[in-house]
Amino acid sequence: MTSVWWVRRDARLADNPALVSALEDGPAAAAAVWTPAIHLWSGRRRAHLARVWWSLREDTGGALGVRRGPADDAVLAVAREHDAPVVWAAQEFSPAGVREQEAVAAALRADGRELRFIGSPYAVAPGRVRKGDGTEFKVFTPFLRAWREHGWRSPAPDADPDGFVRVESDVDLDQRAAHGDADDPLAERAEFREARIRDQLADFLAGDIDRYASERDRPDLDATSHLSVPLAYGQIHPRTVLAASSRLRSDAARKFESEVAWREFHADVLHHHPRAQRESLTPVIPEDAWATGSEADEAFMAWRDGRTGFPLVDAGMRELAATGTMHNRVRMVVASFLVKDLHLPWQRGAAYFRKALLDYDHAQNQLNWQWVAGTGRDAAPYFRIFNPESQAKKFDPDRRYVERWLPELDTPAYPEPMVDHKAEREVSLADFQRGKELR
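Here the structure is a predicted model, which means the values were calculated and not measured. (Residues numbered from 1 in each chain as written. Predicted model: local features only at pLDDT ≥ 70, side-chain atom pairs only at ≥ 80, totals over all residues. Heavy atoms only, no water.)

**Topic: the packing of aromatic side chains**
- According to the stated counting rule, one finds 18 aromatic pairs in the structure shown.
- Pairing Phe204 with Tyr212 gives two aromatic rings, centres 6.0 Å apart and planes at 85°, and the pair type is edge-to-face. Judged on exposure class, the residue Phe204 and its partner Tyr212 are both buried.
- These aromatic residues form a ring-pair network of at least three members: Phe137, Phe140, Phe143, Trp262 and Phe265. (Phe/Tyr/Trp six-rings, centres within 6.5 Å; stacked < 30°, edge-to-face > 60°. Buried < 20%, exposed > 50% of the residue type's maximum accessible area, 1.4 Å probe, protein only.)

**Some details on the pattern of salt bridges**
- All chains considered together, the criterion is met by 34 salt bridges.
- The partner of Glu100 in a salt bridge is Arg8, with the nearest N and O atoms 3.0 Å apart. In this pair, Glu100 is assigned in helix 4 (residues 95–110) and Arg8 in the loop between strand 1 (3–6) and helix 1 (17–23), connecting sequence segments 92 residues apart.
- You can call Arg8 buried: its relative accessible area is 10%.
- The salt bridge involving Glu426 is made with Arg425; its shortest N-O contact spans 3.5 Å.
- You can call Glu426 partly exposed: its relative accessible area is 44%.
- Accessibility expressed as a relative area gives 31% for Arg425, which makes it partly exposed. (Salt bridge = Lys/Arg side-chain N within 4 Å of Asp/Glu carboxyl O. Helix = DSSP H or I, 4+ residues; strand = E, 2+ residues; numbered from the N terminus.)

**Focus: the side chain of Ser94**
- Note on placement: Ser94 falls in the loop between strand 4 (86–89) and helix 4.
- Overall, the relative accessible area of 17% leaves Ser94 in the buried class.

**Side note on the nonpolar core**
- Core analysis: the largest hydrophobic core is formed by 70 residues, its most contacted members being Trp147, Trp303, Phe353 and Trp369.
- Top contributing element to this core by residue count: helix 14 (residues 328–341), with 8 residues.
- Trp369 has contacts with Trp303, Ala335, Leu338, Val339, Trp346, Gly349, Ala350 and Phe353, leaving out every residue within four places of it along the chain.
- Counting residues in each nonpolar core, the second largest holds 32 residues, with Val7, Val52, Phe164 and Ala232 among its members. (Core = buried A, V, L, I, M, F, W, Y, C linked by side-chain atoms within 4.5 Å. Contact = heavy atoms within 4.5 Å.)

**Notes on the packing of helix 3 (residues 71–81) against helix 4**
- Where helix 3 contacts helix 4, the axes come no closer than 8 Å and their chain directions differ by 40°. Relative to helix 4, the element helix 3 is oriented oblique. Where helix 3 crosses over helix 4, the handedness of that crossing is right-handed. For the pair formed by helix 3 and helix 4, the contact residues are Ala71, Asp72, Val75, Leu76 and Ala79 on the first element and Glu100, Ala103, Val104, Ala107 and Leu108 on the second.
- Across the contact of helix 3 with helix 4, the residue classes break down as 8 nonpolar, no polar and 2 charged. (Axes fitted to C-alpha atoms, helices over the stretch in contact; angles between N-to-C directions. Parallel < 35°, antiparallel > 145°, perpendicular 65-115°, else oblique. Left-handed = near helix turned anticlockwise from the far one by under 90°. Nonpolar A, V, L, I, M, F, W, Y, C, P; charged D, E, K, R; others polar.)

What follows is the structure in structure tokens.
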């Protein structure tokens with residue numbers, strides 16, 4: 001009997017319970033869906049997804065099929081073509097993911113077929129970690145302790161790469177992958193292979209992990225795992241990462257694991273509060289405090305294009321435009337600048353990151369922006385305002401990071417600061433005080 005494996009954020013053969021289940025009763029038909037929503041992404045992000053699926057197609061001996069259209073239509077069509085009574089998939093918890101899987105389940109059910117879930121993109125599925133009274137955690141540190149105590153399953157066995165039947169595609173992955181950045185040539189497709197990513201994890205844990213706790217905030221140094229992109233596409237599972245890191249007895253390894261836990265905490269928050277994808281969980285300033293109109297739009301574009309006159313902010317935005325990624329410390333600085341120096345709502349920044357980031361994760365993105373804005377769970381207080389100049393001196397002391405992305409930095413071509421940070425900080429603090437008085 002043939003089953004269908006619906007590829008979602010789990011584009012891998014290793015540690016994939018949904019795929020293992022699909023293969024238990026016979027060969028599996030592996031299908032991914034190029035949905036209309038993907039066309040809202042940046043060209044670089046679409047090309048990266050095509051390369052991820054290209055690598056999975058290679059690992060399945062060319063069997064993976066990619067279909068165009070709404071997921072319910074595409075998955076049902078593959079199930080019918082292969083006379084599959086069951087479709088297996090990893091469960092999603094974001095609002096859009098839930099809507100999509102409900103539509104697929106309804107289409108299959110109406111045709112006498114079934115959608116079965118096993119696994120998720122998380123070590124511990126959202127909603128599983130709760131207080132003793134059954135309520136959600138609102139603060140990260142106790143969530144972290146409970147998350148560790150809850151624990152997670154051991155990685156699932158690797159799937160048989162020869163256990164697939166061929167699914168026809170109507171999306172040309174080679175053509176889609178070719179729409180990437182000119183500096184990211186297709187000749188280096190091996191960089192997208194699952195095996196390379198697992199080697200990357202092993203290399204990090206064998207070496208750079210020792211510097212992680214002390215240097216992870218330094219954008220001028222290479223002290224992070226670089227796993228956020230493969231985690232976002234599911235080329236490696238956090239359970240795989242945690243199983244490997246748990247073998248190390250070091251404070252750096254525990255710190256690394258806590259950063260994985262932040263990803264899971266934010267997914268848990270969004271699971272309990274779907275409105276958090278668009279609304280502030282805790283409004284902290286009056287609505288009239290936000291900048292509007294043409295000047296606000298011009299300020300946003302200067303921020304987006306890296307033309308603020310604040311080197312650390314501009315370097316971060318240039319890095320994002322050039323690579324689709326940005327160092328985590330710099331993400332906090334550029335987000336704080338948008339919200340508290342330019343007085344623009346966090347939703348505008350989150351929407352831009354959603355389009356531009358290669359490692360985009362919906363819960364992580366929205367709740368990280370709320371953390372900086374002071375509106376989320378266990379967020380930085382609104383009155384915590386990052387000073388981009390002091391942050392640069394502390395975390396990029398030799399200016400290696402800013403000089404890498406701003407070749408015109410010491411020339412007349414580089415703009416003067418677009419705002420007076422000290423003055424805008426006072427405006428933000430006054431707005432916060434007004435908000436307290438109104439609550």
